[in-house]
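# Results of the structural survey
The chain contents come next:
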Amino acid sequence: MPEALDENQAIATYAQALSHPVRLAIIQMLAEQSVCYHGDMAAVLPVAPSTLSQHLRVLKDAGIIKGEIDPPRVRYCLNTAKIIEIKELFDIFLESALRGGVENC
């Protein structure tokens, strides 16, 4: 059972990091890049620089993005290995929920 709790903690951490529309927009924007993003992301996303910095910090702390996120050095990349891990955890979790769920409550 402790392993299941560890997985649930990981899922909860990632879910919290992904739980804001701006963070999802950041991930989508980075996913569309062919190389790491360099520059002022606040010029692209309609978010104040200080707010953007907070969202980037949450994503970096969760391991979802990597790079330098503090000016003057900025470089943002998705952490592909972490994205794969998140997908696998959510797939397993949601599949188990579908198997055990009662459809017509």
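Preceding block: the structure.
Residues numbered from 1 in each chain as written. Predicted model: local features only at pLDDT ≥ 70, side-chain atom pairs only at ≥ 80, totals over all residues. Heavy atoms only, no water.

### Some remarks on the state of the cysteines
This is how it is decided: The disulfide definition used here is simple: a pair of cysteine sulfur atoms within 2.5 Å. Numbering of helices and strands runs from the N terminus; a helix is a DSSP stretch of H or I covering at least four residues, while a strand is a stretch of E covering at least two. Buried means the residue's accessible area, taken with a 1.4 Å probe over protein chains only, is under 20% of the maximum for its type, while exposed means over 50%, and partly exposed covers the values in between.
Taken as a whole, this structure holds one disulfide when the rule is applied. Disulfide pairing is shown between Cys36 and Cys77; the S-S distance is 1.4 Å. Between Cys36 and Cys77 the sulfur-sulfur dihedral comes to about 120 degrees; the bridge is accordingly right-handed. One end of the pair, Cys36, is in the loop between helix H2 (21–31) and helix H3 (49–61); the other, Cys77, is in strand E2 (residues 75–78), and 41 residues separate them in sequence. Residue classification places Cys77 among the buried positions, given a relative accessible area of 8%.

### As for the packing of H2 against H3
To keep things clear, this is the line we draw: Where helices are involved, their axes are fitted lines through C-alpha atoms of the stretch in contact, as for all axes, and angles between N-to-C directions lie from 0 to 180°. Should an angle fall under 35 degrees it is called roughly parallel, over 145 degrees roughly antiparallel, and 65 to 115 degrees roughly perpendicular, with every other angle called oblique. Contacts between residues were defined by any pair of non-hydrogen atoms, one from each residue, lying within 4.5 Å. The classification used treats Ala, Val, Leu, Ile, Met, Phe, Trp, Tyr, Cys and Pro as nonpolar, Asp, Glu, Lys and Arg as charged, and all other residues, Gly among them, as polar.
Taken N-terminus to C-terminus, the directions of H2 and H3 make an angle of 70 degrees; their axes are 10 Å apart at the nearest point. In terms of orientation, H2 and H3 fall into the roughly perpendicular class. Residue-level inspection shows Val22, Arg23, Ile26 and Ile27 of H2 in contact with H3, the latter providing Leu52, His55, Leu56, Val58 and Leu59. Its residues placed into classes, the contact of H2 with H3 shows seven nonpolar, one polar and one charged.

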